Amino acid sequence: MRRSGRAIRWSSVCLAMGLLVAAAASPAQAQGSTDPNPGNVKLTAGFDFANAYFFRGIPQDDTGVIMWPSGDLRFALFSGDGALKSIGVNIGTWNSLHTGRAGSDGPSGKLWYESDFYTGASLGFGKGTTVGVTYTAYTSPNGLFGTVKELSFKVAVDDSGFLGAFAVKPYMVLARELDGQADGGANEGTYLEIGVGPGHSLSRVSLAVPVKVGLSLSNYYEGAGGDDTFGFFSVAGVVTVPFTSAPTRVGSWNIHGGVEFLVLGDRNEAVFGDSSHVIGSFGIGLSY
Amino acid sequence: MLSMSGIRKNALALMTAVCTTLFLASTPAWAQDSAKPDPNPGALTITGSIDFLNQYMFRGIQQNNTGFATWPAFDLGLAAYSGDGGLKSVNINFGTWNSLHTGNTGQDGPSGKLWYESDFYATLGFGFGGGNSFSTTYTAYTSPNEGFTTVKEIMFKYALDDSGYLGKAAIKPYLAIAQEFDTGPGRGQADAGAHAGTYMEIGFAPGLAVPKASIAFPIKVGLSLSDYYENPLTGEDEKFGFFSIAGIVTVPLGGTTSFGSWNVHGGVEYQKLGTTTEIFNGGDSNQVIGSFGIGFSY
């Protein structure tokens, strides 16, 4: 029943936060003088463990252990001082391995619940504004959901330059399903996510508090009563500890962990059987 | 007979090695070291490729017979140690290799799904003096479209880079032995046979570099040491799996840039099949494979 969607991308949040914090924790002089990778190709990767997996509030699994290996390559195609500051292309994969009902203990007997492939481009403008577009194919190697193809657009503002330590880094994502559906419903849906990611860095540790809300603009959370506009609200606390204070020959590594509190909309509550859930996770991240 | 996996790891490793070696060999010195600094002096190396083929044979075992196959691959290498003693280097690699099929074992097959094979592997390699190297690789061959059951394998490989002795006449011989494990009758085996198999491959890869391109002539033979090529009709293990000879041309796309080193490559391979692999190949003991692709090393 609730195998009709996929994953929350919580690991992506953890990884991104972790990498940002790891980079932030490195002394500037160390970053400048010992950068092991001054070229235009950047690798980020992560391996996370979680006790539950919700994709944009849609329940996927809350049994057994859930693992999220991921990797991303970014090609920095352009950087300049004009109105357009940067152009980048990303390609990557995100995966979800389950020991519980959606994986090795489920009907398929197979661990590999989800494998996503994505590619996208982003443009960086002045005042910390970035605009990106991403194509994602969400697939299920163990066959528990049909492939979902999606095109998403994202606008984000890094307001650190204006607000310093009080920056909230707001963003908005608009995603349109092209083929297949996260909710297993009758029609392809359109999804809107609005979020902020305030945080605080100490000398060896950093804390991020991402807050987001997921909404259906059209048929994204289809249930017995029709389309439910409110999908979920989430607030989390993520602590990241870099392994080293500066990048090493093998890049910047960190460990991170967090707790997320999720409030579900009516459709997702009906599927899950509860209106809220707490998700714990921890993992390791790499930036090179 | 299609309940097994593909050529991949060896082919990928060979293709990657050949392309990388030949690319570096064929890149003019000025492009390698004069104006452009190394974009990646750290200890991690990223390689990737995507190839297109008319036919996918895994160690002589046919995997598709209609449509074409697409092979995206990615590898991350970690140079864990380098030194001047008897042990010259320790490397750790892990990566993924995939085969997407439009034909009878993919999109046009019973599953209707393109993604026939996805392999994960991890390798620990040791480099010694005199060009000797030894590595061990664990591979899980999986099939997202249920074309075959997951095959788990441990492989040991010895290779000699004899360039230091023979220069342009180097043949770079290697020997690999692979053992399947966690199997059952018809499950977890490349030949979908009754027993877990042990595979041996012997090969070498002479090559020739010219200013703007390079050519490699990899030759190899695949043998069953035990139950690797079980005859589907008699159950007998056939020792000879296949013999392969190929010609691969690699053309670098410029020199080393801030985006790494890129190349295009293409080739033709001829395979002579053994009794079991001939049956898997629809009664044809000969197979010609054409391929082309793009490679990347950073």
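Residues numbered from 1 in each chain as written. Chains lettered and ligands numbered in written order. Predicted model: local features only at pLDDT ≥ 70, side-chain atom pairs only at ≥ 80, totals over all residues.

Chemist: Before we go on, may I ask you to explain the overall build of chain A in this structure?
Modeler: If you tally the helices and strands in chain A, you get four helices and 18 strands. Among the 288 residues that make up chain A, the fraction classed as buried is 42%. Across chain A, the fraction of contacts at a sequence separation of at least 24, relative to all contacts at a separation of at least 6, is 63%. (Helix = DSSP H or I, 4+ residues; strand = E, 2+ residues; numbered from the N terminus. Buried ≥ 20, exposed ≤ 12 C-beta atoms within 10 Å, placed from the backbone. Contact = placed C-beta atoms within 7 Å.)

Chemist: Quick question: what am I supposed to make of the overall build of chain B here?
Modeler: Within chain B one finds four helices and 16 strands. Of all intrachain contacts in chain B linking residues separated by at least 6 positions in sequence, the fraction that spans at least 24 positions is 62%.

Chemist: Help me understand the interface of chain B and chain A, please; the structure alone is not making it clear to me.
Modeler: Quite often, the size of an interface is put as the accessible area lost when its parts meet. Across the boundary between the two partners, chain B contributes 16 residues, which contact 15 residues of chain A. At the level of secondary structure, the elements contributing two or more residues to the side of chain B that touches chain A comprise strand 1 (44-53) and strand 6 (115-128) of chain B. For the side of chain B that touches chain A, a count of residues per class yields ten nonpolar, six polar and no charged. (Nonpolar A, V, L, I, M, F, W, Y, C, P; charged D, E, K, R; others polar.)

Chemist: When you look at unusual backbone geometry in this model, what are you seeing that I'm missing?
Modeler: Phi is mostly negative for residues that are not glycine, and the peptide bonds are mostly trans. Here the phi dihedral of Lys-127 of chain A falls at roughly 60 degrees; this positive angle occurs in a residue that is not glycine. Relative to the helices and strands, Lys-127 of chain A is located in the loop between strand 6 (112-125) and strand 7 (129-139). For Lys-127 of chain A, a count of 10 C-beta atoms within 10 Å gives the class exposed. Backbone geometry places Ala-192 of chain B, a non-glycine residue, at a positive phi of 55 degrees. You can see Ala-192 of chain B is positioned in the loop between strand 9 (174-181) and strand 10 (198-204).

Chemist: How should the environment of Gly-86 of chain B be read in this particular structure?
Modeler: Mapped onto the elements of the fold, Gly-86 of chain B is located in the loop between strand 4 (69-82) and strand 5 (87-101). When residues no more than four places from it in sequence are discounted, the contact partners of Gly-86 of chain B are Phe-128 and Gly-129 of chain B.

Chemist: Honestly, the environment of Gly-274 of chain B in this entry has me stumped. Any pointers?
Modeler: Residues and elements named next belong to chain B. Counting through the fold element by element, Gly-274 comes out in the loop between strand 15 (261-273) and helix 4 (275-280). The buried category is assigned to Gly-274, around which 22 C-beta atoms lie within 10 Å. As for Gly-274 and Glu-146, which are separated by 128 residues in sequence, their C-alpha atoms are 26 Å apart. Sequence-distant contacts of Gly-274, defined by excluding residues within four places in its chain, comprise Gly-60, Tyr-229, Glu-238, Phe-240, Gly-241 and Phe-242.

Chemist: I keep staring at the confidence of the model for chain B and nothing clicks. Help me out?
Modeler: Do not read the fine detail of predicted coordinates wherever pLDDT is low. Residues and elements named next belong to chain B. When pLDDT is averaged along chain B, the result is 89; 88% of the residues meet or exceed 70. Segment residues 1-34 is flagged for pLDDT under 50; beyond a separation of four residues in sequence, or across chains, it makes 89 contacts in the model. Reported confidences for the modelled complex are a pTM of 0.85 and an ipTM of 0.81. (pLDDT = per-residue confidence, 0-100.)

Chemist: Before we go on, may I ask you to explain the confidence of the model for chain A in this structure?
Modeler: Considering every residue of chain A, the mean pLDDT works out to 90; 89% of them sit at 70 or more. Across residues 1-33 of chain A, where pLDDT falls below 50, the model places 97 contacts with residues more than four positions away in sequence or in other chains.

Chemist: Can you walk me through the pairing of strand 14 (residues 240-252) of chain B in this structure?
Modeler: In the case of a regular strand, side chains alternate between the two sheet surfaces. Residues and elements named next belong to chain B. Judged from the three bridges that link them, strand 12 (residues 213-216) and strand 14 form a sheet pairing that is antiparallel. The partner of Ile-215 across the bridge, within strand 14, is Val-249. With eleven bridges connecting them, strand 14 and strand 15 associate as antiparallel partners. Residue pairing in the sheet places Gly-247 in a bridge with Val-268 of strand 15. (Pairing = 2+ DSSP bridges.)

Chemist: So what exactly am I meant to see when it comes to the environment of Val-211 of chain A here?
Modeler: Residues and elements named next belong to chain A. Within the fold, Val-211 resides in strand 13 (residues 211-218). Sequence separation of Val-211 and Lys-85 is 126 residues, and the distance between their C-alpha atoms is 27 Å. The residues touching Val-211, leaving out its near neighbours within four places in the chain, are Gly-195, Val-196, Ser-234 and Val-235.

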